[in-house]
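Topology and contacts: notes
Listed below, chain by chain, are the residues.
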Amino acid sequence: MEFSIKSVGPDKAGCDCVVVGVFDSRQLSAPAQEVDKAAGGHLAGILRRGDMEGKGGSTLLVHGVPGIAASRVLLVGLGKQAEFGEKAYRDAVAASVRALRDSASKSILITLSELPVAGQDAAWRARQAVLAVSDALYRSDQLKSKIENARALSAIAFSATAKEARAAGAGLAQGMAIAQGMDLARELGNLPANICTPTYLAQQAQKLAKQHKLKCEVLDRARMEKLGMGSLLAVGRGSHQPPRFIVLQYRGGKAKAKPVVLVGKGITFDTGGISLKPGAEMDEMKYDMSGAASVLGALRAAALMQLPLNVVGIVPAVENMPGGGATRPGDIVTSMSGQTIEILNTDAEGRLILCDALTYAGRFDPACVVDVATLTGACVIALGGVASGLMANDDALAAELLAAGQTSGDRAWQLPLWDDYQELLKSNFADIPNISGGRAAGTITGACFLSRFTKQYRWAHLDIAGTAWRSGKEKGSTGRPVPLLTHFLMKQAGRL
Ligand code: BES
Ligand code: MN
Ligand code: ZN
């Protein structure tokens with residue numbers, strides 16, 4: 001898709017379709033009024049006759065509007081003007097391209113980008129417009145032998161006043177970088193586990209490194225053994241797929257500037273291991289590497305934006321299978337930190353690979369560490385698919401991540417990490433068990449486990465079990481939390 005910003009009157013834009021917004025109770029938005037004026041009241045006539053109310057998400061395609069350069073006009077309902085905010089804005093942009101995606105229009109001009117959204121500027125509107133479009137148009141056809149209805153839509157322009165064109169252009173470029181990061185995360189997430197193995201993830205990381213001049217290191221089992229990553233290695237033992245430990249470095253900042261370290265859970269398939277999962281929807285456990293995918297996606301976005309910042313991405317990539325060599329419930333292993341872990345449930349494997357990755361992260365003397373993981377089913381119960389769970393040992397870091405989620409529309413919600421919860425993690429035989437025994441506060445006890453390995457730096461944990469993919473008819477990876485992570489990095493780099 002080709003994106004651009006245009007500062008021509010919407011009536012003069014020579015394209016296949018110009019998209020204008022209509023507020024509820026038939027109120028033409030300002031750009032719609034401009035078109036209407038040039039068209040001698042043609043649009044107002046349509047509204048008067050009752051073909052379009054302006055309800056949020058509704059659309060009406062009109063051909064042959066007199067006096068304007070475009071061959072079509074798409075009216076898009078914006079809902080009540082008084083309630084028009086961030087969500088309504090994104091929804092309207094998404095509805096526009098959904099209405100046109102399988103139409104004959106190749107190039108379109110969307111004027112919604114000129115509509116004021118309280119608290120946000122032209123850069124935000126352009127950035128969010130690109131993200132909404134790329135989300136609405138995404139289709140996973142990488143493994144289909146033929147592509148159903150090849151799309152005509154190939155060029156999307158957003159209008160901006162001459163005064164705001166510069167800011168909009170900057171927002172557009174950022175949006176495109178984030179969208180490319182999300183696309184990478186989604187493609188990897190949607191790939192099945194017979195293709196997207198730990199080895200495949202490592203190859204993709206190396207490819208990304210080549211494209212963007214990142215430093216990439218991949219550690220194999222022998223190297224991990226040397227480092228003492230006994231916890232991580234315990235998870236991969238039941239699988240024929242060898243584990244991989246991926247370290248990617250983007251160096252856009254000063255040589256001495258401490259890096260932000262992102263750690264992503266890369267379980268390429270989670271059967272549960274010997275603590276085998278029930279069969280229903282087990283296919284979705286191919287998404288258990290979504291944290292890893294989002295870390296690669298955020299690095300891609302950061303590199304595309306050339307953020308003046310150092311970022312390290314760490315991905316422990318392992319398959320959790322119940323093979324003959326598999327770890328048994330009750331097995332005790334020694335983590336890289338030296339702490340011993342009693343593995344009471346082999347299905348709580350994410351924390352077992354992350355703890356060694358978090359210990360390894362300490363080597364970079366990080367400014368902060370953020371881990372991203374599809375860690376607990378309990379998080380899906382608590383927050384559903386709307387917000388990721390956030391827990392941290394540092395309130396300022398938590399606040400920055402929450403803010404990044406808010407402005408990007410990729411929200412997180414904080415859960416407490418109080419000492420009271422730590423008491424739930426007690427083992428009779430080792431330093432720490434990998435589960436608490438009960439189901440209470442499952443998302444928090446998962447984070448409590450991780451917190452035992454993050455004492456020496458500022459750390460936050462994002463549980464994306466509910467947000468990384470959608471189930472059911474619309475099944476597929478969402479590309480989240482690439483927008484949140486990228487906005488966080490942009491802010492750290494002073495670009496927001
Ligand atoms: N990958 C799962 C978490 C998960 C489950 C994500 C369902 C999305 C949907 C994780 O490895 C897991 O199995 N967690 C267990 C932890 C439990 C054994 C303490 C869970 O949530 O049931
Ligand atoms: Mn599991
Ligand atoms: Zn898992």
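Residues numbered from 1 in each chain as written. Chains lettered and ligands numbered in written order. Predicted model: local features only at pLDDT ≥ 70, side-chain atom pairs only at ≥ 80, totals over all residues. Heavy atoms only, no water.

Here we look at the coordination of the manganese ion (ligand 2)
Coordination of the manganese ion (ligand 2) by the protein is provided by Asp270 (OD), Asp347 (O), Asp347 (OD) and Glu349 (OE), with metal-donor distances spanning 2.1 to 2.2 Å. Angles of 70 to 168 degrees at the metal separate the six donor atoms of the manganese ion (ligand 2), which places the site in the irregular class. Motif for the manganese ion (ligand 2), donor spacing along one chain: D-x76-D-x1-E. Here the manganese ion (ligand 2) and the zinc ion (ligand 3) are spaced 3.1 Å apart, and both take Asp270 as a donor. Note that Asp270 is positioned in strand β11 (residues 266–270) and Glu349 in the loop between β14 (340–343) and α10 (350–361), a separation of 79 residues in sequence. (Donors = N, O, S within 2.8 Å, 3.2 Å for Na, K, Ca; no water. Tetrahedral: all angles 85-135°; square planar, octahedral: opposite > 155°, others 65-115°. Helix = DSSP H or I, 4+ residues; strand = E, 2+ residues; numbered from the N terminus.)

Here we look at helix α9 (residues 290–305)
For α9, with 16 residues, the first-to-last C-alpha span of 22 Å sits near the 22 Å given by 1.5 Å per residue. Along α9, 15 of the 16 residues are buried, which leaves the element largely enclosed by surrounding structure. Phi turns positive, to about 50 degrees, at Gln306, one or two residues after α9. (Expected span 1.5 Å × (residues − 1). Buried < 20%, exposed > 50% of the residue type's maximum accessible area, 1.4 Å probe, protein only.)

Focus: the site of ligand 1
Near ligand 1 there are 16 residues, and of these Asp270, Lys277, Asp347, Glu349 and Gly377 occur at the shortest range. Measuring from a nitrogen atom of ligand 1, one finds a backbone N or O atom of Leu375 at 3.3 Å. Here ligand 1, which alone exposes 510 Å², has 76% of that area covered by the protein. Among the detected pockets, ligand 1 sits in the second largest pocket. (Near = heavy atom within 4 Å. Polar contact = N/O pair within 3.5 Å; in protein donor to acceptor, adjacent residues only side chain to side chain. Areas by Shrake-Rupley, 256 points an atom, 1.4 Å probe, with all protein chains shown as cover. 1 Å grid on protein atoms, 1.4 Å probe; cavity = no way out; pocket = protein on both sides within 12 Å on 5 of 7 lines; lining within 4 Å. Sits in = over half its atoms within 2 Å of the grid points.)

Describing the coordination of the zinc ion (ligand 3)
The coordination sphere of the zinc ion (ligand 3) contains the protein donors Lys265 (NZ), Asp270 (OD), Asp288 (OD) and Glu349 (OE), at a distance range of 2.0 to 2.4 Å. Around the zinc ion (ligand 3), the six donor atoms are arranged such that angles at the metal cover 78 to 174 degrees; this shape is classified as octahedral. Within one chain, the residues serving as donors to the zinc ion (ligand 3) are arranged as K-x4-D-x17-D-x60-E. For Asp288, a relative accessible area of 2% corresponds to the buried category.

Re the sheet that holds strand β13 (residues 331–334)
Reading across the sheet, the three strands line up as β13-β14-β18 and stay open at both edges, with mixed pairing between neighbours. Two strands bound the open sheet, and with one partner strand each, they are β13 and β18 (432–433). In terms of strand pairing, β14 meets β18 through two bridges, oriented parallel. Bridged to Glu342 within β18 is Pro433. (Pairing = 2+ DSSP bridges.)

Observations concerning the nonpolar core
Judged by nonpolar contacts, the single largest core of 96 residues is most densely connected at Ile156 and Leu489. Counting the residues that make up this core, at least three belong to each of domain 1 (2–160) and domain 2 (179–492). Beyond its immediate stretch of four places on either side in the chain, Leu489 contacts Val260, Leu262, Ala298, Ala302, Leu307, Leu309 and Val311. With 44 residues, the next largest nonpolar core counts Val263, Ala361, Leu375 and Leu450 among its residues. (Core = buried A, V, L, I, M, F, W, Y, C linked by side-chain atoms within 4.5 Å. Domains from an automatic or database assignment. Contact = heavy atoms within 4.5 Å.)

Some thoughts on the layout of surface pockets
Of the voids in this model, the largest pocket is the one considered here, and its volume is about 1500 Å³. Considering the residues around the largest pocket, the lining is formed by 47 residues, among which Arg98, Asp135, Arg186, Arg470 and Thr478 are closest to the centre. Within the residue set of the lining of the largest pocket, elements represented by two or more residues are α3 (86–100), α4 (122–137), α5 (165–190), α12 (395–408), β20 (469–470) and β21 (476–477). For the lining of the largest pocket, the element with the most residues is α3, which contributes seven residues. Here the residues of the lining of the largest pocket are counted per class, giving 12 nonpolar, 13 polar and 22 charged. Taken domain by domain, the lining of the largest pocket gets at least three of its residues from each of domain 1 (2–160) and domain 2 (179–492). Of the volumes computed, that of the second largest pocket is approximately 1100 Å³. (Points joined across faces, edges and corners; volume = space filled by probe spheres on them. Nonpolar A, V, L, I, M, F, W, Y, C, P; charged D, E, K, R; others polar.)

Focus on helix α15 (residues 482–492)
Of all 11 residues in α15, nine are buried, a share of seventy percent or more. Among all positions in α15, only Val482, Pro483, Leu484, Leu485, Thr486, His487, Phe488, Leu489 and Met490 are buried.

Looking at the packing of α12 against α15
Relative orientation of the contacting elements α12 and α15 amounts to 115 degrees, with a least axis distance of 8 Å. At the point where α12 passes α15, the crossing takes the right-handed sense. Together, Leu397, Glu400, Leu401, Ala404, Gly405, Thr407 and Ser408 of α12 and Pro483, Leu484, His487, Phe488 and Gln492 of α15 make up the contact between the two elements. Grouping the amino acids of the contact of α12 with α15 by side-chain chemistry returns six nonpolar, five polar and one charged. (Axes fitted to C-alpha atoms, helices over the stretch in contact; angles between N-to-C directions. Left-handed = near helix turned anticlockwise from the far one by under 90°.)

Notes on the pattern of salt bridges
This structure, assessed with the given rule, holds 17 salt bridges. Ionic pairing is found between Asp347 and Lys277, a salt bridge with its closest N-O pair at 2.9 Å. With Asp347 in the loop between β14 and α10 and Lys277 in the loop between β11 and α9, the pair connects residues that are 70 residues apart, well separated along the chain. Among the charged side chains, a network of salt bridges with common partners joins Lys265, Asp288 and Glu349. (Salt bridge = Lys/Arg side-chain N within 4 Å of Asp/Glu carboxyl O.)

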